[in-house]
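What the coordinates show
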Amino acid sequence: EKGGYEHFMLKEIYEQPNVIKDTYRGRLLANKGIVQMAGIEDNIEKFLNAERIIIVACGTSWHAGLVAEYIFEEFARIPVEVEYASEFRYRNPIINPKDVVIAISQSGETADTLAAIKLAKEKGAFVFGVCNVVGSSISRETHAGAYTHAGPEIGVASTKAFTTQITILTMISLRLAKAKGTMSNSDFHRYLQELEAIPEKVAEALATNDIAKTIASIYKDAPNCLYLGRGYNFPVALEGALKLKEISYIHAEGYPAAEMKHGPIALIDEKMPVIVIAPKQGHYDKVVSNIQEIKSRSGKIIAVVTKGDTQVKKLADHVIEIPDTAEALTPLLTTIPLQLLSYHIAVMRGCNVDQPRNLAKSVTVE
Ligand code: M6R
């Protein structure tokens, strides 16, 4: 059942190249310049007239929503707000009929997300679901939607759901960018090609497993851990930290790298591992100076970099190389070594990786 893997989580991490393909199969045809999804085509006017997109979700799905915020705003120039479903539903939110609400949920059963959807519907918004489980409550409660087709995710720690959610939300952004003319034709075609090539690059990123394991053996006893990223990779920092804390019980925090000097930098000493996401595009120089700040305070630096990087390599204690891709797609690759790192740390600490203490796969109570 675990397909020869020791844990469901590891199996699901390794499934990502294939399930990302399943997500875009029949929807993304790069050579023909086509990106389409029935749920979007049927409701395209709603999306094109949207004055705002509100994304509601919890946990890892909320992190996918944050990545999507950067992508939607950049590609389709639609303002986006990303809300924790649990906060949104209880604060008398302002929702207008011209708002499109996107609910993201792997299980499709998360109680707070479901309640947020009901509220948005009552207030007249159009609600679109991005779910993995076919026929789930959220998929039935939304007006329309698109499934991620990632297959069953058994490990409590969400992995393939995250990358397939980002894949589908990227496709939606590209579809809207095309219709709205907010992206140049050449960028549009480049992104379709790059997205189609992502599964192979995810497979390459999985080859960081050995180095992730080595790094895990060095830092497995750390009591704390900091994750930093900027731009598209800020949400990946949050997701990396969530993954570590939920399965290894190490206290971890994710931060936008520039926020360090507003507080977290005080935590840094020679015992603090800091995982920095530093792909070559996207504020690279700024991230490099953040790395220098950590180094001058003797923090241990584990950097996720683009293959061929030289600058960060000189500063970091460990580097993990991922393939090059378009900037907005980097989260699909940078997240892979972080999943592997937390997996190995949790295994080495003797934790129950697939069923961490105190957690349930679907949070059906609020
Ligand atoms: O099924 P959902 O996507 O609605 O679940 C949301 C969260 O409960 C979930 O992502 C949770 O944070 C995971 N355990 C994270 O790995």
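Residue numbers here run from 1 along each chain, matching the order of that chain's written sequence. In view of the model being predicted, local features appear only for residues whose pLDDT reaches at least 70, and side-chain atom pairs are presented and counted only at 80 or more, with totals across whole chains, interfaces and linings using the full set of residues. The side-chain numbers reported here are obtained from all heavy atoms of the structure, hydrogens and water having been left aside.

You'll find the protein entered in an unreviewed UniProt entry as Glutamine--fructose-6-phosphate aminotransferase [isomerizing], with Flavobacterium microcysteis given as the organism. UniProt positions are given in the numbering used here, feature names are shortened, and annotations may be inferred rather than shown by experiment. On record in UniProt, under Function (unreviewed entry), the comment for the protein is "Catalyzes the first step in hexosamine metabolism, converting fructose-6P into glucosamine-6P using glutamine as a nitrogen source." Recorded in UniProt for the protein, the comment headed Catalytic activity (unreviewed entry) runs: "D-fructose 6-phosphate + L-glutamine = D-glucosamine 6-phosphate + L-glutamate".

This brings us to the site of the ligand. With respect to spatial proximity, 15 residues lie near the ligand, and among them S61, S105, S107, T110 and E246 are the closest. Whenever a nitrogen or oxygen atom comes within 3.5 Å of another N or O atom, the pair is scored as a polar contact, on the condition that within protein one atom can donate a hydrogen and the other can accept it, and that pairs from neighbouring residues in sequence are kept only if both atoms are in side chains. Q106 is positioned such that a nitrogen or oxygen atom in its backbone is 2.7 Å from an oxygen atom of the ligand. At a separation of 3.0 Å, a nitrogen atom of the ligand approaches a polar backbone atom of V156. The accessible surface values rely on the Shrake-Rupley method and a 1.4 Å probe; as for residues, cover is taken only from the protein chains in view. Bound to the protein, the ligand loses 91% of the 410 Å² it would expose on its own. Under this grouping Gly is polar, as are all residues other than the nonpolar Ala, Val, Leu, Ile, Met, Phe, Trp, Tyr, Cys and Pro and the charged Asp, Glu, Lys and Arg. A per-class count over the shell around the ligand returns five nonpolar, eight polar and two charged. Proximity is defined per residue: any heavy atom of the residue falling within 4 Å of a molecule or strand makes that residue near it.

With that out of the way, let us pick up the nonpolar core. Grouping buried Ala, Val, Leu, Ile, Met, Phe, Trp, Tyr and Cys residues that are joined through side-chain atoms within 4.5 Å yields what is termed a nonpolar core. To sort residues, take the accessible area from a 1.4 Å probe on protein chains only and compare it with the maximum for the residue type: under 20% means buried, over 50% means exposed, and anything in between is partly exposed. Judged by nonpolar contacts, the single largest core of 91 residues is most densely connected at F72, F75, I102, F128, L169, L174 and Y227. Discounting residues that sit within four places of it in the chain, F72 has contacts with I53, R77, I78, V80, I102, L169, I172, S173 and L176. Grouped together as the second largest cluster of nonpolar side chains are 22 residues, M272, V305, L315 and A316 included. Contacts between residues were defined by any pair of non-hydrogen atoms, one from each residue, lying within 4.5 Å.

This brings us to the pattern of salt bridges. One speaks of a salt bridge when a side-chain nitrogen belonging to Lys or Arg is within 4 Å of a carboxyl oxygen belonging to Asp or Glu. Per the stated rule, a full pass over the model turns up 22 salt bridges. Between K361 and E153 there is a salt bridge, with the nearest N and O atoms lying 2.7 Å from each other. Note that K361 is positioned in the segment after α15 (330-348) and E153 in the loop between β7 (144-147) and α9 (160-180), a separation of 208 residues in sequence. Judged by its relative accessible area of 6%, E153 is buried. It is possible to trace a salt-bridge network through shared partners that takes in K11, E15 and K160. Each helix is a run of H or I in the DSSP string that is no shorter than four residues. Each strand is a run of E no shorter than two, and both are numbered from the N terminus.

This part is about the sheet that holds β7. Spatial ordering of the open sheet is given by β4-β3-β5-β6-β7, a layout of five strands whose pairing is parallel. The open sheet is flanked by β4 (80-84) and β7, the only strands paired with a single partner. Averaged over all neighbouring strand pairs, the angle between strand axes comes to 20 degrees, with direction disregarded. Across five bridges, strand β3 (residues 52-57) lies against strand β5 (residues 99-105) in parallel orientation. Here a strand pair is declared whenever DSSP counts at least two bridges between the two strands. Where helices are involved, their axes are fitted lines through C-alpha atoms of the stretch in contact, as for all axes, and angles between N-to-C directions lie from 0 to 180°.

This part covers the packing of aromatic side chains. Classification of ring pairs uses Phe, Tyr and Trp, with its six-membered ring standing for Trp, and accepts pairs whose centres are within 6.5 Å; under 30 degrees between planes counts as stacked, over 60 as edge-to-face, and the remaining range as tilted. The tally for this structure, following the rule as stated, stands at six aromatic pairs. With a centroid separation of 5.4 Å and 85 degrees between ring planes, the pair formed by F47 and F128 is classed as edge-to-face. In this pair, F47 is assigned in helix α4 (residues 44-48) and F128 in strand β6 (residues 126-131), connecting sequence segments 81 residues apart. Taken individually, F47 and F128 each receive the classification buried, so the pair is uniform in this respect. Aromatic side chains Y70 and Y232 sit 5.9 Å apart centroid to centroid with 50 degrees between the ring planes, which places their arrangement in the tilted category. Placement of Y70 in helix α5 (residues 59-76) and of Y232 in the loop between β8 (224-229) and α12 (234-248) is noted, with a sequence separation of 162 residues between them. By relative accessible area, which is 8% here, Y232 ends up buried. An aromatic cluster is present here, built from F47, F126 and F128 joined pairwise through their rings. Sitting over a ring, as applied to charges here, requires NZ of Lys or CZ of Arg to be within 6 Å of the ring centre and within 35 degrees of the ring normal. Taking the ring centre of Y249 as reference, the NZ or CZ of R357 above it sits at 3.8 Å.

Bridge count for β3 against β4 is five bridges, and the pairing is parallel. Looking at the pairing, V56 lines up with E83 of β4.

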